[in-house]
Amino acid sequence: MRNLVLILLGLTLTSCLVQADSGPVHIVQPGDTLWDIALAHGISWQELASLNKIKDPTTLQVGTRLRLPTTTQSGTKLVLHDGSTVTVTSEEVELLARVVQAEAGGEPFEGKVAVAAVILNRVRSSRYPDSVWEVLHQPGQFTPVEQGKLPKKADASCVEAVRRALAGEDPTGGALFFYNPHTTQFAEFWATKQVIKRIGNHNFAL
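Calculation notes
Residues numbered from 1 in each chain as written. Predicted model: local features only at pLDDT ≥ 70, side-chain atom pairs only at ≥ 80, totals over all residues. Heavy atoms only, no water. pLDDT = per-residue confidence, 0-100. Contact = heavy atoms within 4.5 Å. Helix = DSSP H or I, 4+ residues; strand = E, 2+ residues; numbered from the N terminus. Axes fitted to C-alpha atoms, helices over the stretch in contact; angles between N-to-C directions. Parallel < 35°, antiparallel > 145°, perpendicular 65-115°, else oblique. Left-handed = near helix turned anticlockwise from the far one by under 90°. Nonpolar A, V, L, I, M, F, W, Y, C, P; charged D, E, K, R; others polar. Phe/Tyr/Trp six-rings, centres within 6.5 Å; stacked < 30°, edge-to-face > 60°. Buried < 20%, exposed > 50% of the residue type's maximum accessible area, 1.4 Å probe, protein only. Pairing = 2+ DSSP bridges.

K.L.:
With reference to specific residues and values, describe the confidence of the model for the chain.
P.N.:
Scored by pLDDT, the chain comes out at a mean of 85, with 84% of its residues at no less than 70. Segment residues 4-21 is flagged for pLDDT under 50; beyond a separation of four residues in sequence, or across chains, it makes 50 contacts in the model.

See below:
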């Protein structure tokens, strides 16, 4: 069933949808899919479909005005270590998914969620910057970002992994680091870190 949904979402949508009444809207462009539109606005495709009373995600017409939740303007909120909140923008959500693709594209789904969770744990921590963008661009932390080797687009599983991590899933139980013990060039450094979870090829540590 999951594979069927992903196939449907990957198709260009071609029929008619409901007209938006008021509030923020997205005007459907050629090649748009429900999945891509939802990702761009930081919401799930199910939420977008429900808001616009879409029963078949493959039925959408170019030029249709899709209603968007007004809350999408403020993005997803994360509670920080001091009780304050920070907004994760739709651009940061997309960047995070691309980083997960680069760092854990070949890992099991749980491992993808875990990598996304580590990054969000850093945002929440007092030891790291208070935004996804700043955490990901810290020097010496995420090689694909630092070397400009991120994929242009994340696949559906990485996007879903980020969505789940943003919703609060954390298979690591609070890890702030991840690494592959078989390929790392910094074994002495990692020996100083407490491993709290192993998922796929990655160790997750404090």
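Here the narrative resumes.
K.L.:
Describe the environment of Pro 57, listing the residues and the values that go with them.
P.N.:
Checked against the element boundaries, Pro 57 lands in the loop between α3 (45-51) and β2 (65-67). Each C-alpha atom of the pair Pro 57 and Leu 34 lies 6.6 Å from the other, and the pair is 23 residues apart in sequence.

K.L.:
Which residues make up the packing of helix α5 (residues 109-124) against helix α8 (residues 156-166), and what values go with them?
P.N.:
Across the interface, α5 lies against α8 with an axial gap of 8 Å and an inter-helix angle of 45°. Classified by the interaxial angle, the pair formed by α5 and α8 is oblique. Handedness of the crossing formed by α5 with α8: right-handed. Across the interface between the two elements, Phe 109, Lys 112, Val 113, Ala 116, Ala 117, Leu 120 and Arg 124 of α5 pack against Ser 157, Cys 158, Glu 160, Ala 161, Val 162, Arg 164, Ala 165 and Leu 166 of α8. Among the residues making up the contact of α5 with α8, the classes are represented as ten nonpolar, one polar and four charged.

K.L.:
Just give me the short version of the environment of Ala 102, but keep the residues and values in it.
P.N.:
Within the secondary structure, Ala 102 sits in helix α4 (residues 90-104). Distance in space between the C-alpha atoms of Ala 102 and Pro 144 is 6.6 Å, their sequence separation being 42 residues. Every residue in contact with Ala 102, bar those within four places of it in the chain, is listed here: Pro 144, Leu 150 and Pro 151.

K.L.:
So what's going on with the packing of aromatic side chains? Which residues, and what values?
P.N.:
This structure, assessed with the given rule, holds six aromatic pairs. Here the aromatic rings of Tyr 179 and Trp 190 are separated by 4.2 Å at their centres, their planes lie at 10°, and the arrangement is stacked. With Tyr 179 in strand β5 (residues 177-179) and Trp 190 in helix α9 (residues 187-190), this pair connects stretches of sequence that are eleven residues apart. For Trp 190, a relative accessible area of 13% gives the class buried. Each member of the aromatic cluster is reached from another via a ring pair, and the members are Phe 177, Tyr 179, Phe 189 and Trp 190.

K.L.:
Which residues make up the sheet that holds strand β7 (residues 202-205), and what values go with them?
P.N.:
With respect to topology, three strands assemble into an open sheet ordered β5-β7-β6, the strand pairing being antiparallel. Unpaired on one side and paired on the other, β5 and β6 (195-199) mark the two borders of the sheet. Strand-to-strand, the axes of this sheet are offset by a mean angle of 25°, without reference to chain direction. Note: β6 against β7, four bridges, orientation antiparallel. Paired with Lys 197 across the two strands is Phe 204, which belongs to β7. Lying on the sheet, α5 is in contact with β5, β6 and β7; it crosses β7 at an angle near 30°.

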